There are 2 protein chains.
Amino acid sequence: MTDSSIRRSVVLKRRPKGEPVATDFGIVEDAVPTSGPGEVVTRTLWLSIDPYMRGRLREEKSYAAPIQIGEVMTGETVGEVVKSSDPAFAPGDIVAGARGWQTHSVSPGAQLFKLPKGAASLSAYLGVLGMPGATAYAGVTEICKPKAGETFVVSAASGAVGSVAGQIAKRAGARVVGIAGGPDKCLYVQDSLGFDACVDHRSMDLRQELRNACPNGIDGYFENVGGDVQLAVFEQLNAFARVAMCGMVAHYNDQTVRPGPNLISVVGKRILIQGFIVSDRPERMSEWRAMAEPWIAAGTLAYREDVIDGLENAPEALIGILSGRNFGKLLVRVASSHG
Amino acid sequence: MTDSSIRRSVVLKRRPKGEPVATDFGIVEDAVPTSGPGEVVTRTLWLSIDPYMRGRLREEKSYAAPIQIGEVMTGETVGEVVKSSDPAFAPGDIVAGARGWQTHSVSPGAQLFKLPKGAASLSAYLGVLGMPGATAYAGVTEICKPKAGETFVVSAASGAVGSVAGQIAKRAGARVVGIAGGPDKCLYVQDSLGFDACVDHRSMDLRQELRNACPNGIDGYFENVGGDVQLAVFEQLNAFARVAMCGMVAHYNDQTVRPGPNLISVVGKRILIQGFIVSDRPERMSEWRAMAEPWIAAGTLAYREDVIDGLENAPEALIGILSGRNFGKLLVRVASSHG
């Protein structure tokens with residue numbers, strides 16, 4: 001049992017070069033904060049681990065400011081309110097927010113989202129019903145726009161975003177082909193997620209296997225990985241194909257810039273390639289939750305969680321997700337909801 | 001004086017490997033055709049030479065079918081009606097159409113567009129007022145969407161498409177930077193086209209010169225060339241940049257596929273990359289003509305033509321445009337309008 005008056009936080013100690021190592025991070029302790037006017041103190045239950053976090057460890061600004069040395073790692077969390085000076089929240093409420101890699105946090109109530117009472121799964125609000133799910137929804141519906149009969153491909157297909165992207169495209173009537181790492185994930189993508197096919201990116205001949213799985217070419221691509229997968233997919237894009245550029249995790253640990261695909265066919269085939277970040281469109285979060293909650297309740301939207309216990313293991317979790325060691329939405333259980 | 005009853009046509013004799021050579025083409029002669037019901041016989045005055053024609057010489061289908069061995073080269077022309085079985089056309093009318101590399105053609109009247117009587121320049125309807133101008137218009141207004149204060153970059157800036165693209169962006173209030181080959185073209189782009197700056201892609205340090213010309217980064221890019229120019233521009237794109245992919249002439253003679261830019265920043269910067277072909281949007285042609293004819297009349301839309309005499313020189317003209325030997329819109333004068 002840890003002392004309930006102590007807060008533990010994971011901070012960045014050193015900017016990683018290439019693949020991060022556990023010693024790039026450190027744990028600091030201080031007192032659990034108290035709430036100022038309008039503020040809410042929460043005890044973290046779940047922490048989401050997502051590939052984008054690697055970008056925050058770089059010195060250069062990406063779309064968000066980098067984490068500074070000594071600063072607490074940022075990340076989405078679900079927590080329980082333990083003290084509130086905001087009338088909208090009361091102790092015992094369960095809230096989601098971006099409260100970082102720490103056991104407790106204090107924040108203005110406006111930065112928190114109260115989860116419905118009796119929610120089937122709290123952690124789902126960090127995955128299928130959270131930012132990753134909304135990301136899949138935004139990319140598929142705004143950029144890929146799959147139509148019945150078209151072929152839609154998604155990489156990192158068993159992951160938090162890819163698994164949802166493929167299921168949305170399937171509902172739109174597309175032939176959905178996943179790309180994932182290893183036979184277990186491919187089996188899951190076909191059997192549990194219901195994709196029409198799944199190609200193992202570790203296979204000897206990715207191009208040929210992809211061609212076999214997509215005999216009519218590729219009309220929509222949801223990009224999560226980059227690297228050789230991207231090169232293979234881009235070669236097989238059809239005229240008027242749409243590519244949603246969500247992430248390129250295979251590159252996040254790179255120390256030099258690898259070349260990308262030749263874009264000559266983008267002209268002749270009138271291909272659309274569009275980068276996006278779901279936080280640009282905050283309304284997509286609530287739209288997606290409203291749409292997906294009934295599907296979760298009805299059991300028609302499949303998802304899988306990969307849970308690691310203990311805040312101190314969050315760095316290893318991040319290191320693992322960058323090389324695809326997770327299987328499903330990666331979460332750190334920071335505390336139990338009845339702890 | 002050539003025999004007016006003989007038609008000469010340039011045909012494809014052999015598919016070029018790499019850079020085309022003159023002997024890949026041949027000239028065939030036959031009788032000037034007569035018109036069947038609803039058909040019009042024209043005498044070609046001007047033939048347009050455009051980089052896209054290289055794609056038609058390949059075996060593989062691009063967005064249009066390849067030219068077959070022995071077949072007449074396709075291309076946009078302006079001609080004079082010499083015989084008409086379509087009541088909408090009379091001998092002496094001047095018409096534009098895609099009648100190919102030949103001295104005479106016969107076609108249904110519906111495939112011809114009658115030029116206004118007393119048009120200031122007939123050849124302009126193959127360049128600034130024709131397909132290249134409409135291409136610039138479509139790419140800038142539908143994809144790049146330059147706004148006042150933004151930086152807009154266009155490659156092949158002194159060419160038929162690039163020169164118009166930059167002038168449209170300039171009218172929208174953007175800072176317009178051209179990229180062109182050599183000091184003469186760069187001088188023309190700045191002095192005659194009125195761009196804010198022009199970078200010589202042959203300079204020792206293209207990246208740095210581009211950075212100097214675009215101190216606030218690049219918000220819109222109109223791509224005509226690919227290659228090293230593309231790599232340099234892509235590195236300097238801003239968040240929410242829009243890239244209109246119109247052509248990649250630096251690659252058209254390639255026999256192997258060169259790698260392209262790493263696309264990782266497309267995600268974080270939410271960049272849009274969109275290929276397009278103006279013939280997908282035929283309404284853009286008439287829209288653009290209606291908009292640009294008054295500008296031409298008022299002298300506020302600059303253009304430059306590079307004229308080569310004689311149909312037999314069309315192959316050399318095409319070979320030249322692929323390495324940037326032309327300076328302005330490249331045209332072959334097939335016959336004079338009073339010949």
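Residues numbered from 1 in each chain as written. Chains lettered and ligands numbered in written order. Predicted model: local features only at pLDDT ≥ 70, side-chain atom pairs only at ≥ 80, totals over all residues.

1. So, the overall build of chain A
For step 1, the next point in the chain: When helices and strands are tallied, chain A shows 9 helices and 15 strands.
For step 2, the next point in the chain: For the C-alpha atoms alone, the extent of chain A along its principal axes is close to 60 × 45 × 35 Å.
For step 3, the next point in the chain: Split into buried and exposed, the 339 residues of chain A put 51% on the buried side.
For step 4, the next point in the chain: Here the analysis covers contacts within chain A between residues at least 6 apart in sequence; of these, 66% occur between residues at least 24 apart. (Helix = DSSP H or I, 4+ residues; strand = E, 2+ residues; numbered from the N terminus. Buried ≥ 20, exposed ≤ 12 C-beta atoms within 10 Å, placed from the backbone. Contact = placed C-beta atoms within 7 Å.)

2. Topic: the sheet that holds strand β10 (residues 197-200) of chain B
For step 1, the next point in the chain: Taken together, 12 strands build an open sheet; the order of strands is β10(A)-β9(A)-β8(A)-β11(A)-β12(A)-β13(A)-β13(B)-β12(B)-β11(B)-β8(B)-β9(B)-β10(B) and the sheet is mixed. Where the open sheet ends on each side, the last strands, each with one partner, are β10 (197-200) of chain A together with β10 of chain B. Across the sheet, the mean angle separating the axes of adjacent strands is 15° when strand polarity is ignored.
For step 2, the next point in the chain: The sheet contact formed by strand β9 (residues 175-180) of chain B and β10(B) spans 4 bridges and is parallel. Counted as the bridge partner of Ala180(B) is Asp200(B) from β10(B).
For step 3, the next point in the chain: Helix α5 (residues 206-213) of chain A rests against β9 (175-180) and β10 of chain A of the sheet, and its axis sits at about 175° to β10(A). (Pairing = 2+ DSSP bridges. Axes fitted to C-alpha atoms, helices over the stretch in contact; angles between N-to-C directions.)

3. Notes on the confidence of the model for chain A
For step 1, the next point in the chain: Per-residue pLDDT for chain A has a mean of 95; in total, 99% of the residues score no lower than 70.
For step 2, the next point in the chain: Both scores are given for the predicted complex: the pTM is 0.96, the ipTM 0.95. (pLDDT = per-residue confidence, 0-100.)

4. Digging into unusual backbone geometry
Residues and elements named next belong to chain A.
For step 1, the next point in the chain: A positive phi is found at phenylalanine 240, a non-glycine position, where the angle reads about 65°.
For step 2, the next point in the chain: Along the chain, phenylalanine 240 turns up in strand β12 (residues 237-245).
For step 3, the next point in the chain: Since 13 C-beta atoms lie within 10 Å of it, phenylalanine 240 is described here as partly exposed.

5. So, the domain arrangement of chain A
All names here are of chain A.
For step 1, the next point in the chain: What the domain assignment reports for chain A is domain 1 (6-127 + 305-333) and domain 2 (131-279).
For step 2, the next point in the chain: Its C-alpha centre places domain 1 at a distance of 28 Å from the equivalent point of domain 2.
For step 3, the next point in the chain: With 16 residues of domain 1 in contact, the opposing surface of domain 2 contributes 13 residues. (Domains from an automatic or database assignment.)

6. Some words on the relation of the copies chain B and chain A
For step 1, the next point in the chain: Superposing chain B onto chain A takes a rotation of 180° plus a shift of 0.0 Å along the axis, which leaves an RMSD of 0.0 Å. What the superposition gives is, in effect, a two-fold axis relating one chain to the other.
For step 2, the next point in the chain: A share of 100% of interface residues in chain B that are also interface residues in chain A marks the association as one of identical surfaces. (Least-squares fit on C-alpha atoms with pLDDT ≥ 70 in both.)

7. Concerning the packing of α5(A) against helix α6 (residues 227-235) of chain A
Residue and element names in this part refer to chain A.
For step 1, the next point in the chain: Running from N to C, α5 and α6 point in directions that differ by 50°, and their axes come no closer than 10 Å. Looking at the two axes, α5 sits oblique to α6. Of the two elements, α5 crosses α6, and the hand of that crossing is right-handed. On α6, the residues that touch Leu206, Arg207 and Leu210 of α5 are Asp228, Ala232 and Val233. (Parallel < 35°, antiparallel > 145°, perpendicular 65-115°, else oblique. Left-handed = near helix turned anticlockwise from the far one by under 90°.)

8. Things to note about the nonpolar core
Side chains that are nonpolar tend, in soluble globular proteins, to be buried together.
For step 1, the next point in the chain: Grouped together as the largest cluster of nonpolar side chains are 206 residues, with contacts concentrated most on Ile49(A) and Ile49(B).
For step 2, the next point in the chain: Excluding anything up to four places from it in sequence, Ile49(B) contacts Ala314(B), Ala317(B), Leu318(B), Ile321(B), Leu330(B), Leu331(B) and Val332(B). (Core = buried A, V, L, I, M, F, W, Y, C linked by C-beta atoms within 7 Å.)

9. Brief notes about the interface of chain B and chain A
Often the size quoted for an interface is simply the accessible area lost on bringing the parts together.
For step 1, the next point in the chain: In this assembly, 31 residues from chain B lie in contact with 31 residues from chain A.
For step 2, the next point in the chain: Among the secondary structure elements, those contributing two or more residues to the side of chain B that touches chain A are β12 (237-245), α7 (264-268) and β13 (272-275) of chain B.
For step 3, the next point in the chain: When the residues that make up the side of chain B that touches chain A are grouped by side-chain class, the tally is 17 nonpolar, 10 polar and 4 charged.
For step 4, the next point in the chain: Two elements, strand β13 (residues 272-275) of chain A and β13(B), share 3 bridges in a ladder whose sense is antiparallel. Following the sheet pairing, Leu272(A) is matched in β13(B) by Gln274(B). (Nonpolar A, V, L, I, M, F, W, Y, C, P; charged D, E, K, R; others polar.)

10. Observations concerning the packing of helix α2 (residues 131-144) of chain A against helix α3 (residues 160-171) of chain A
All names here are of chain A.
For step 1, the next point in the chain: Packing of α2 against α3 brings their axes to within 8 Å, and their N-to-C directions diverge by 45°. Classified by the interaxial angle, the pair formed by α2 and α3 is oblique. The interaxial crossing formed by α2 with α3 has right-handed handedness. Taking contact as the criterion, the partners of Pro132, Gly133, Thr135, Ala136, Tyr137, Gly139, Val140 and Cys144 in α2 are, on α3, Ala160, Val161, Val164, Ala165, Ile168 and Ala169.
For step 2, the next point in the chain: Here the residues of the contact of α2 with α3 sort into 11 nonpolar, 3 polar and no charged.

11. A closer look at the environment of Ile49(A)
For step 1, the next point in the chain: Its location among the elements puts Ile49(A) in the loop between β3 (39-48) and α1 (53-56).
For step 2, the next point in the chain: Residues Ile49(A) and Val332(A) lie 283 residues apart in sequence; the distance between their C-alpha atoms is 7.2 Å.

12. Describing the environment of Ala165(A)
Residue and element names in this part refer to chain A.
For step 1, the next point in the chain: With respect to the secondary-structure elements, alanine 165 resides in helix α3.
For step 2, the next point in the chain: It is 26 Å that separates the C-alpha atoms of alanine 165 and asparagine 262, two residues lying 97 residues apart in sequence.
For step 3, the next point in the chain: The residues contacting alanine 165, other than those within four sequence positions of it, are Ala136, Gly139, Val140, Val154 and Phe222.

13. Looking at α6(A)
For step 1, the next point in the chain: Those residues of α6(A) that sit buried are Val229(A), Gln230(A), Ala232(A), Val233(A) and Phe234(A).
For step 2, the next point in the chain: Contacts made by the buried residues of α6(A) are with β8 (151-155), β9, α5, β11 (218-223) and β12 of chain A.

14. Brief notes about the environment of Val81(B)
All names here are of chain B.
For step 1, the next point in the chain: Looking at the secondary structure, you find valine 81 in strand β4 (residues 77-84).
For step 2, the next point in the chain: For the pair valine 81 and serine 265, spaced 184 residues apart in sequence, the C-alpha separation works out to 53 Å.
For step 3, the next point in the chain: Excluding anything up to four places from it in sequence, valine 81 contacts Val40, Thr42, Phe89, Ala90, Pro91, Gly92, Asp93 and Val95.

15. What to know about the pairing of strand β14 (residues 305-309) of chain A
For a regular strand, side chains alternate in direction, first toward one face of the sheet and then toward the other.
For step 1, the next point in the chain: Both β14(A) and strand β15 (residues 329-333) of chain A contribute to a ladder of 5 bridges, which runs parallel. Among the inter-strand pairings, Asp309(A) is bridged to a residue of β15(A), identified as Arg333(A).

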